[in-house]
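Here is how the chains run, residue by residue.
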Amino acid sequence: MAKSLLLISRQSPWSGPAAREALDIVLAGGAFDLPIGLLFLDDGVLQLAAGQNAKALQQKDLSANLQALPMFGVEELFYCADSASARGLDQLSLDEAQALAAEQITALIDRYDQVITL
């Protein structure tokens, strides 16, 4: 049986390639039926902000990749509620993501065999 993997995305969508690379890893894992989860933490929750204009920043729009996650079998999607609140995010673009309090994140990490943070 394949080991489960949790990917923690901590970078904003416009701060460099880490956010895009995290999504690429998760999509690839989902395509190969790897038990995989994705947690948006710290500035990573900014990837979930609704109404982003990537073209204005001359960046690739990640919203299509985010919307494709469930189609690739990636259903374990989480975000830190404290991180979202601290950044003023009331409306998120990914309805499937489950909000977690800080103490729940430790338990989530313990559920997975391997953890990668980008």
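Residues numbered from 1 in each chain as written. Predicted model: local features only at pLDDT ≥ 70, side-chain atom pairs only at ≥ 80, totals over all residues. Heavy atoms only, no water.

Naming follows an unreviewed UniProt entry, where the chain appears as tRNA 2-thiouridine synthesizing protein C of Pseudomonas helmanticensis.

(A) Summary view of the sheet that holds strand β1 (residues 5-9). One open sheet accounts for five strands, arranged β4-β3-β2-β1-β5; its pairing is parallel. The outermost strands of the open sheet, each flanked by one partner alone, are β4 (98-100) and β5 (114-117). The sheet shows a mean angle of 25° between the axes of neighbouring strands, direction not considered. Strand contacts of helix α1 (residues 18-31): β1 and β2 (36-40), with the helix running at about 160° to β2, the strand carrying the most contacts. Across the sheet, helix α4 (residues 102-111) touches β1, β2, β3 (76-80), β4 and β5, and the angle it forms with β4 is around 110°. (Pairing = 2+ DSSP bridges. Helix = DSSP H or I, 4+ residues; strand = E, 2+ residues; numbered from the N terminus. Axes fitted to C-alpha atoms, helices over the stretch in contact; angles between N-to-C directions. Contact = heavy atoms within 4.5 Å.)

(B) Representation of the pairing of β1. In terms of burial, β1 is a largely internal element, five of the five residues being buried. Across the two faces of β1 the burial is the same, with L5, L7 and S9 and L6 and I8 all buried. Looking at chain direction, β1 and β2 are connected through five bridges and run parallel. Each residue of the ladder has a partner; that of I8, found in β2, is L39. Each parallel crossover has a hand, and for β1 linked through α1 to β2 it is right-handed. Two elements, β1 and β5, share four bridges in a ladder whose sense is parallel. Directly across from L6, in β5, lies its bridge partner V115. (Buried < 20%, exposed > 50% of the residue type's maximum accessible area, 1.4 Å probe, protein only. Right-handed = clockwise from strand over helix to strand, strands pointing away.)

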